[in-house]
Every structure is written in C-alpha cells, then in structure tokens.
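In case you want the letters, here they are:
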Amino acid sequence: EIAIGARYNDDWSTNGGVVYVADLYTGGTWITGNWNVTWTDQATIYGSKDVIEESRTEWMQRVATGQSSRGEGLDKPFAVAARNGRAYVGDTVGRKVAVFDLVNKKYLEVGTKGVGRIAKPLGIDVDNNGRIYVVDGTAKRVNVYGPDGEYLNAIGAQHTFERPSGVAVHERNT
C-alpha cells in the first residue's frame, strides 16, 4: 500500500487528534482518532456515499429496487487536508478536490469547471477562513477557492514555479 498526504489535526476532535491518510492503493481516505461524528475509532471514505446520510425514503427505494448505493468516488487520492470537521482530498485522476463535511454530512467537489479547473491536484491546505489552497502540478500554480468551492484567484503562473507539489498556509493567513 502507498499512503501519501498524511495529516494530523486536532482542531475538531474530542479526545486527542485525528489522522488523515490519502491511500493510493485502496483509493480511499483513511481516518482514525476519536471525534464526535458517526464513526467511532476509524473509517475509510471511498466517496460521497460514505458521508451523506441516505433518507429513509431513499433507502427503501434502493432496497425495493435492488439498486446499490450511489455516490461520487475517489479515483486516485493523493493529497489531504482537514479543518473544522471537513476532510479535503485531492484526486489526481478525478481532477478535483473532494470535500467531505463529516459533521454536516455533506459532499462538495472543488475545481471541476471554469477558470479554476484543476488538472493535477498535488497539495492542499485550508486557512482559518475556510479558503482552500490547491497546488495544480500541471498548471504550476496554487488555485485558491472559497469555503463553498468558488474559484477566487491563483498564486503563481506557468513560469513562477518549476514543479510545485505542496502548500501550507500560516495560521495567521499571511
């Protein structure tokens, strides 16, 4: 197994820290620790269906028709960040950042369209205001998105960085 992008985060756990690991082999994001969410000791998130709660009506319809659970998955998770109950996972094959809101049980994709489209997300961090910083290895820049995934701007241009692979934001957002 190859695990890349491990992060430790204790800003929303209840009894110590939480560890996040993006795992290229399993195609999931492994989370372990003690926190006040649905899971107890550890969990692996493979896609949106692992976070979004299915309504009773949806469950009954799925069981009655024999359908399997549906959701957006991860193809090749590479980078991971966490802040305020959200896990941010860069997917280099899916060309996106998947945002798993573990507290509110929501799922969001970032960088999938328009001027802020991501070609190869390699590094991720999130500042205290919820802005998402994503290294795009193909575009050789850092894209900045708002907390809801809207593209804000970019840091760097084609010739600013040679091979960017990671980003970290100071806690004072400077």
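Going by the structure above, here's the rest.
Keep in mind that this is a model prediction, so the values were computed, not measured.

Some points on the overall build of the protein chain
When helices and strands are counted, the protein chain shows one helix and 12 strands. Its helices and strands taken in sequence order, the protein chain reads β-β-β-β-α-β-β-β-β-β-β-β-β from the N to the C terminus. Expressed as a percentage of its 174 residues, the buried residues of the protein chain come to 42%. Considering only contacts within the protein chain whose residues lie at least 6 apart along the sequence, 38% involve residues at least 24 apart. A total of about 9600 Å² of accessible surface is found on the protein chain, and carbon and sulfur atoms cover 46% of it.

Brief notes about the pairing of strand 9 (residues 121-126)
For strand 9, the buried fraction is high: six of the six residues fall into the buried class. Note: strand 9 against strand 10 (residues 132-136), five bridges, orientation antiparallel. Within the sheet, the bridge partner assigned to Gly-123 lies in strand 10 and is Val-135. In sequence, strand 9 turns back onto strand 10 through a hairpin of five residues, with Gly-130 there showing a positive phi of about 90°.

Digging into the packing of aromatic side chains
If you walk through the whole model with that rule in mind, you get two aromatic pairs. Ring centres of Phe-100 and Tyr-107 lie 5.3 Å apart, and the angle between their planes is 50°; this geometry places the pair in the tilted category. Tyr-107 shares its class with Phe-100; the two are buried. Both rings, one in Tyr-145 and one in Tyr-151, keep their centres 5.8 Å apart while their planes meet at 70°; by these two values the pair is edge-to-face.

Re the sheet that holds strand 5 (residues 77-83)
Here we have four strands laid out as an open sheet, ordered 5-6-7-8, and antiparallel in their pairing. What marks the edges here is a single partner per strand, and that holds for strand 5 and strand 8 (106-110). Looking at each pair of strands side by side, their axes are set apart by 20° on average, direction ignored. Examined bridge by bridge, strand 6 (residues 86-91) and strand 7 (residues 96-101) share six bridges and lie antiparallel to one another. Across the sheet, the residue bridging to Asp-91 is Lys-96, located in strand 7.

Basis of the calculations
Residues numbered from 1 in each chain as written. Predicted model: local features only at pLDDT ≥ 70, side-chain atom pairs only at ≥ 80, totals over all residues. Heavy atoms only, no water. Helix = DSSP H or I, 4+ residues; strand = E, 2+ residues; numbered from the N terminus. Buried < 20%, exposed > 50% of the residue type's maximum accessible area, 1.4 Å probe, protein only. Contact = heavy atoms within 4.5 Å. Areas by Shrake-Rupley, 256 points an atom, 1.4 Å probe, with all protein chains shown as cover. Pairing = 2+ DSSP bridges. Phe/Tyr/Trp six-rings, centres within 6.5 Å; stacked < 30°, edge-to-face > 60°. Axes fitted to C-alpha atoms, helices over the stretch in contact; angles between N-to-C directions.

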